[in-house]
Amino acid sequence: MSTPQPDATPVATGETLGAGASVDEEAPPRPSPFRVLKNGEFRRVWVASLGSNVGGWMEFVGMQWAMTQATLAPEWEASGRPGAPIMMGYLATAQMAPVLLMGMLGGVVADRVDRKKLLVWTQTLMMLVAAALCIEAFRGAITPITLIVLGAIHGTVLAFNMPAWGVLTPRLVPRDQLADAIMLNGLQFNLARVIGPAVGGVLLGWLGAPWMFLINTISFIGVIWAVAVTPPSPAPTTAPAHPWRAIAEAFSFSFRNKGARALILAIFLFSMLGTPLLRLMPIVVAESYKAKADGFGLLLALMGAGAVTGALTIRLIPRWYPRHHLIPLSVMMGGLFTALTAAAPSLATSALCIYFCGIFWLWTFNPAFAALQLLVADEMRGRVMSIANVLSFGAMPLGTLLAGYIGEVASGRAGDGFGSQVGLGVNALILTVAGLVMLAWRTPEVDGLAPGQPGYDRTPGLIRGLTGSAHRGKN
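Quick caveat, the model's predicted, so the values are computed rather than measured.

### Examining the overall build of the protein chain
Of the regular secondary structure elements, the protein chain holds 16 helices and zero strands. The buried share among the 475 residues of the protein chain stands at 59%. Of the roughly 18100 Å² that the protein chain leaves accessible, carbon and sulfur atoms contribute 69%.

Below you can see the structure in the form of structure tokens.
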């Protein structure tokens, strides 16, 4: 198999602004992104990841619903302890704070050890954590504290798993297929987000959460095997000798390179202000819509269906419309539809809006992470992707806590559902405004463009940002 070679030169790929050919020139047809699946190693990991992510989403539904039911119970509310929205924020913090605190250490480790061995170990440890949750559930010992403690342990392992996983795909496919491979990874993840919650919502009402946790535990076996049979991935020989120097080098690139800085900012803002929807929606479903777990599963499944639609339709965007326009546009539209979802008066209306959330979530995250991987050399990729992941996962609990506190102030303990809607809505409106600003003041460096190159245009303007007029007719 041909593997990606280290290349410190930012590039614009065929999915973004091309070399500046005239609109009258005939562009070569785009190859199918599914060609990447002809690579046996990538295909095995892709299929195994689909199964594991289905299990992971089933576990997510079970954990979120269990926390919702426990914290909305009369005895919990009578105890004077924090309300359901804030407890959801605490659970998110327990799961993600370790990534924020130790994610960069994980990136340094990923750039110093065999990434394949690291992945096998971290996936095995996460399977053991899932097994512990399963055992506690069958014992009937699941409490909010149990969920928070196991979530924190999982997050600790995740801090070392994520950077190793982030550099897995670039070593399994040729560089010119990397954008397609990342798109297919997003498609796989969101197919799982359709299947997992839909099946999980049914199983939760039929068999209960313990069986969902058992399925998730078993699902790790396939992905551990798929990673174990990939080629060794030794640490790059050019990694800096000292860990602090390695971290400083990655931070320097991430925040001095204009393209990388803009991409990380977009990822951070969407993670903080958009993703709390996943955490607080079960409270809205239970309190505002008076629905059961299958209603929550339905919303997650429809959001996943929207993301699948996004993965299949993103290639319909004209080739001349580059990522440094598409990503801010998607941030803005994602914020708008998240606000509409939060304000929806019924489950049916929320279902319609959340479908479009899924489309724009994928149009934000997939192009952003793909562009970031193309901007960074292999020997630094683990650390730079760790920075993006640390800020992304660290932002999620911050946004959930922010929405939870806004909700408690807005509604008091008597209306956790309405409060969650208010908190989500405020976050989403801020995200919409941020997208508008990023669209008006764009960053061509996201596409690897430099001043003087065809298509480099920093002229401010919202209409120019929306239409991409400076790039129209470019391949």
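### Here we look at the confidence of the model for the protein chain
Taken residue by residue, the protein chain gives an average pLDDT of 81. The fraction at 70 or more is 89%. Helix α12 (residues 323-343) holds the highest mean pLDDT among the elements of the protein chain, 95, whereas helix α2 (residues 74-78) holds the lowest, 72. Note that pLDDT drops below 50 for residues 1-27; the model gives that stretch 70 contacts with residues more than four away or on any other chain.

### Looking at the packing of aromatic side chains
With the rule as written, the count across this model stands at eleven aromatic pairs. Their ring planes at 85° and their centres at 5.3 Å tell us that Phe 138 and Trp 211 sit as a pair that is edge-to-face. Of this pair, Phe 138 sits in helix α4 (residues 115-138) while Trp 211 sits in helix α7 (residues 209-228); the two residues are 73 residues apart in sequence, bridging distant segments of the chain. Accessibility expressed as a relative area gives 43% for Phe 138, which makes it partly exposed.

### A closer look at α4
Helical geometry: 3.6 residues make up each α-helical turn, so side chains three or four residues apart lie on a common side. Taking 1.5 Å as the rise per residue, α4 with 24 residues should run 34 Å; its terminal C-alpha atoms sit 35 Å apart, in good agreement. Near the N-terminus of α4, the side chain that reaches the backbone nitrogen of Lys 116, with its oxygen 2.9 Å away, is that of Asp 114. One or two positions beyond α4, positive phi appears at Gly 140, with a value near 75°.

### A look at the packing of helix α10 (residues 276-288) against helix α15 (residues 416-440)
In contact at an axis separation of 8 Å, α10 and α15 are set at 150° when each is read in the N-to-C sense. Overall, the two elements α10 and α15 adopt an arrangement that is roughly antiparallel. In the crossing of α10 with α15, the sense of the turn from one axis to the other is left-handed. Only Asp 416, Gly 417, Phe 418, Ser 420, Gln 421, Leu 424 and Asn 427 of α15 make contact with α10, whose side of the interface consists of Pro 276, Leu 277, Leu 280, Ile 283, Val 284, Glu 287 and Ser 288. When the residues that make up the contact of α10 with α15 are grouped by side-chain class, the tally is seven nonpolar, five polar and two charged.

### Overview of the side chain of Ser 271
Here Ser 271 lies in helix α9 (residues 258-273). A distance of 2.7 Å separates a polar side-chain atom of Ser 271 from the backbone oxygen of Ile 267. Contact partners of Ser 271, with chain neighbours within four places excluded, come to Pro 276, Phe 365, Ser 392, Ala 395 and Met 396.

### Overview of α7
For α7, which comprises 20 residues, the first-to-last C-alpha distance of 30 Å matches the rise-based estimate of 28 Å (1.5 Å per residue) to within 8%. Where α7 is concerned, the buried positions are Ala 209, Pro 210, Met 212, Phe 213, Asn 216, Thr 217, Ser 219, Phe 220, Val 223, Ile 224, Ala 226 and Val 227.

### Comments concerning the pattern of salt bridges
With the rule as written, the count across this model stands at four salt bridges. The shortest N-O distance in the salt bridge between Asp 457 and Arg 442 comes to 3.6 Å. You can see Asp 457 sitting in the loop between α15 and α16 (462-467) and its partner Arg 442 sitting in the loop between α15 and α16, a full 15 residues away along the chain. Both residues of the pair, Asp 457 and Arg 442, belong to the buried class. For Asp 457, the salt bridge identified is with Arg 464, shortest N-O distance 2.9 Å. Classification of Asp 457 as buried rests on a relative accessible area of 10%. On the basis of relative accessibility, which here comes to 30%, the residue Arg 464 falls in the partly exposed class. One continuous salt-bridge network, built from bridges that share partners, spans Arg 442, Asp 457 and Arg 464.

### Description of the environment of Arg 81
Inspection of the secondary structure assignment puts Arg 81 in the loop between α2 and α3 (84-110). Sequence separation of Arg 81 and Thr 71 is ten residues, and the distance between their C-alpha atoms is 8.9 Å.

### A look at the environment of Val 129
Mapped onto the secondary structure, Val 129 falls in helix α4. Its relative accessible area of 11% is what places Val 129 among the buried residues. Sequence separation between Val 129 and Val 157 is 28 residues; the distance between their C-alpha atoms is 9.4 Å. When sequence neighbours within four positions are dropped, the list of residues in contact with Val 129 reads Leu 150, Ile 153 and His 154.

### Overview of unusual backbone geometry
The phi torsion at Lys 290 lies on the positive side, around 55°, for a residue other than glycine. Examined against the element boundaries, Lys 290 turns out to sit in the loop between α10 and α11 (293-313). The exposure class of Lys 290 is exposed, given its relative accessible area of 62%.

### Considerations on the side chain of His 324
With respect to the helices and strands, the residue His 324 is situated in helix α12. The exposure class of His 324 is buried, given its relative accessible area of 2%. In this structure the side chain of His 324 is engaged in a polar contact, spanning 2.7 Å, whose partner is the side chain of Asp 447. Excluding its chain neighbours within four sequence positions, the residues that come into contact with His 324 are Arg 442, Thr 443, Pro 444, Val 446, Asp 447, Leu 449 and His 471.

### A few points about the state of the cysteines
One pass over the structure, following the stated rule, counts zero disulfides. No disulfide involves Cys 353; its sulfur sits 7.2 Å from that of Cys 357, the nearest cysteine. Look at Cys 353 and you get buried, because its relative accessible area is 10%.

About the criteria used
- Residues numbered from 1 in each chain as written.
- Predicted model: local features only at pLDDT ≥ 70, side-chain atom pairs only at ≥ 80, totals over all residues.
- Heavy atoms only, no water.
- Helix = DSSP H or I, 4+ residues; strand = E, 2+ residues; numbered from the N terminus.
- Buried < 20%, exposed > 50% of the residue type's maximum accessible area, 1.4 Å probe, protein only.
- Areas by Shrake-Rupley, 256 points an atom, 1.4 Å probe, with all protein chains shown as cover.
- pLDDT = per-residue confidence, 0-100.
- Contact = heavy atoms within 4.5 Å.
- Phe/Tyr/Trp six-rings, centres within 6.5 Å; stacked < 30°, edge-to-face > 60°.
- Expected span 1.5 Å × (residues − 1).
- Polar contact = N/O pair within 3.5 Å; in protein donor to acceptor, adjacent residues only side chain to side chain.
- Axes fitted to C-alpha atoms, helices over the stretch in contact; angles between N-to-C directions.
- Parallel < 35°, antiparallel > 145°, perpendicular 65-115°, else oblique.
- Left-handed = near helix turned anticlockwise from the far one by under 90°.
- Nonpolar A, V, L, I, M, F, W, Y, C, P; charged D, E, K, R; others polar.
- Salt bridge = Lys/Arg side-chain N within 4 Å of Asp/Glu carboxyl O.
- Disulfide = S-S within 2.5 Å.

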